[in-house]
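# Examination of the molecular architecture
So the chains spell out like this:
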Amino acid sequence: KLGNDPSRAFGDYRMYTLPEKTTVGNNQIKQIELIAANKVPVTKTYLYDGAKVNWYRGTFYNDPNWGRDMNKKVNVLLEIQNRADNQLGIALPKGKVRTYKKDTDGSLEFIGEDMIPHTSRDERVVLYIGDAFDIVGEHKQTVFQRINDREYNESFEVKLRNHKKEDVTVKVMEKLIRGGTWSIINKSHDYEDIDASTIIFPLKVAADKEVTLTYTVKYKW
């Protein structure tokens, strides 16, 4: 486990203290270890955000073509809980995190990097390290129905193909952001609310199989 937190509060900021004295020469760049932690549990997550949408809060989107662009890539995420019982539980500074994995011969291979924000203890750290090669997604609008000027129904079909030799769970993220209030009136799988305009469908996809998700959302203004 880690010892004392190397940082201290300074107003609304954190100040970090080096673990030992160091000397930096003129025009020299030196890399110094600030935090070391061993055996920190890491959870790998697959996330599929199939709809390419740009939106602005407070805007109504009633164009049937909006949101039809598709992304096929499934993101690979690493999640770390910054808690004391996970060998962490300290304030983490903003910076770049590089990820390495042991190859079959024991050598470390670089697999990705991401930037993390300043992270308080007991908060979650999520690293995006790239896209899955053997998992492919498809996202398609199947129905756009205008009931009246203040009510729309929209249906989607999401397909996930797993070409790996092991089962995986992919979190399908759907952004329900046309505006107004929404409700899911039909679905093939259960979902979880993430925030006021985002839901997650956790889909189990067997090795070398395909799973299809369908759902319909009703918008009202």
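Here, the structure is the one placed above.
Attention in this report is confined to the structure presented alongside it. These numbers were taken from a predicted model, which means no experiment stands behind them.

## A few points about the overall build of the protein
Across its full length, the protein carries 0 helices and 13 strands. The order of helices and strands in the protein, counted from the N terminus, is β-β-β-β-β-β-β-β-β-β-β-β-β. In terms of C-alpha radius of gyration, the protein reaches 22 Å, well past the compact-globule figure of 17 Å for 221 residues. Taken along its principal axes, the extent of the C-alpha atoms in the protein is 70 × 50 × 35 Å. Classification of the 221 residues of the protein by burial places 35% in the buried group. Within the protein, contacts between residues separated by at least 24 positions form 66% of all contacts whose residues are at least 6 apart in sequence. Carbon together with sulfur atoms contributes 47% to the accessible area of the protein, which is approximately 14,700 Å² in total. Across the protein, 35 positive and 32 negative side-chain charges occur, with their mean positions spaced 2 Å apart.

## So, the packing of aromatic side chains
Taken as a whole, this structure holds 8 aromatic pairs when the rule is applied. Ring geometry for tyrosine 152 versus tryptophan 221: centroids 4.9 Å apart, planes at 85 degrees, classification edge-to-face. Of this pair, tyrosine 152 sits in strand β8 (residues 151–162) while tryptophan 221 sits in the segment after β13 (209–220), and the two are 69 residues apart along the sequence. Here tyrosine 152 matches tryptophan 221 in class, with each residue buried. Counting every residue linked through ring pairs, the aromatic cluster contains Phe144, Tyr152, Tyr219 and Trp221.

## Notes on a nonpolar patch on the surface
Side chains of Phe10, Tyr13 and Met15 sit close together on the surface and give an oily, nonpolar patch of about 360 Å² of accessible area. Its location among the elements puts phenylalanine 10 in strand β1 (residues 7–10). Look at phenylalanine 10 and you get partly exposed, because its relative accessible area is 49%.

## Focus: the nonpolar core
Tyr46, Val74, Leu160, Val170 and Val172 are the most contacted members of the largest nonpolar core, which has 34 residues in total. Looking at this core, the elements that each hand over two or more residues are β3 (43–48), β4 (73–81), β7 (124–148), β8, β9 (168–175), β12 (198–205) and β13. Beyond its immediate chain neighbours, meaning those up to four positions away, tyrosine 46 contacts Val74, Asn75, Val76, Ala132, Ile135, Lys164, Val168, Thr169, Val170 and Lys171. Grouped together as the second largest cluster of nonpolar side chains are 5 residues, Ala51, Tyr61, Trp66 and Ile177 included.

## Side note on the environment of valine 126
Mapped onto the fold, valine 126 is located in strand β7. Judged by relative accessible area, valine 126 falls into the partly exposed class, the value being 31%. Separated by 17 residues in the primary sequence, valine 126 and glutamate 109 place their C-alpha atoms 20 Å from one another. Ignoring any residue separated from it by four or fewer positions in sequence, one finds valine 126 in contact with Leu77, Leu78, Glu79 and Asp114.

## Description of the sheet that holds β9
Spatial ordering of the open sheet is given by β10-β13-β8-β7-β4-β3-β9-β12-β11, a layout of 9 strands whose pairing is mixed. Whereas interior strands pair on both sides, the edge strands pair on one side only; in this sheet they are β10 (181–187) and β11 (192–195). Going across the sheet, the axis of each strand differs from the next one's by a mean of 35 degrees, ignoring polarity. Pairing of β9 with β12 involves 8 bridges; the strand directions are antiparallel. Across the sheet, the residue bridging to valine 170 is leucine 203, located in β12.

Analysis parameters
- Residues numbered from 1 in each chain as written.
- Predicted model: local features only at pLDDT ≥ 70, side-chain atom pairs only at ≥ 80, totals over all residues.
- Heavy atoms only, no water.
- Helix = DSSP H or I, 4+ residues; strand = E, 2+ residues; numbered from the N terminus.
- Rg over C-alpha atoms; globule rule 2.2 N^0.38 Å.
- Buried < 20%, exposed > 50% of the residue type's maximum accessible area, 1.4 Å probe, protein only.
- Contact = heavy atoms within 4.5 Å.
- Areas by Shrake-Rupley, 256 points an atom, 1.4 Å probe, with all protein chains shown as cover.
- Lys, Arg positive; Asp, Glu negative; His and termini not counted.
- Charge placed at Lys NZ, Arg CZ, Asp CG, Glu CD.
- Phe/Tyr/Trp six-rings, centres within 6.5 Å; stacked < 30°, edge-to-face > 60°.
- Patch = residues over 30% accessible without salt bridge, like charges linked within 9 Å, V, L, I, M, F, W, Y side chains within 5 Å.
- Salt bridge = Lys/Arg side-chain N within 4 Å of Asp/Glu carboxyl O.
- Core = buried A, V, L, I, M, F, W, Y, C linked by side-chain atoms within 4.5 Å.
- Pairing = 2+ DSSP bridges.
- Axes fitted to C-alpha atoms, helices over the stretch in contact; angles between N-to-C directions.

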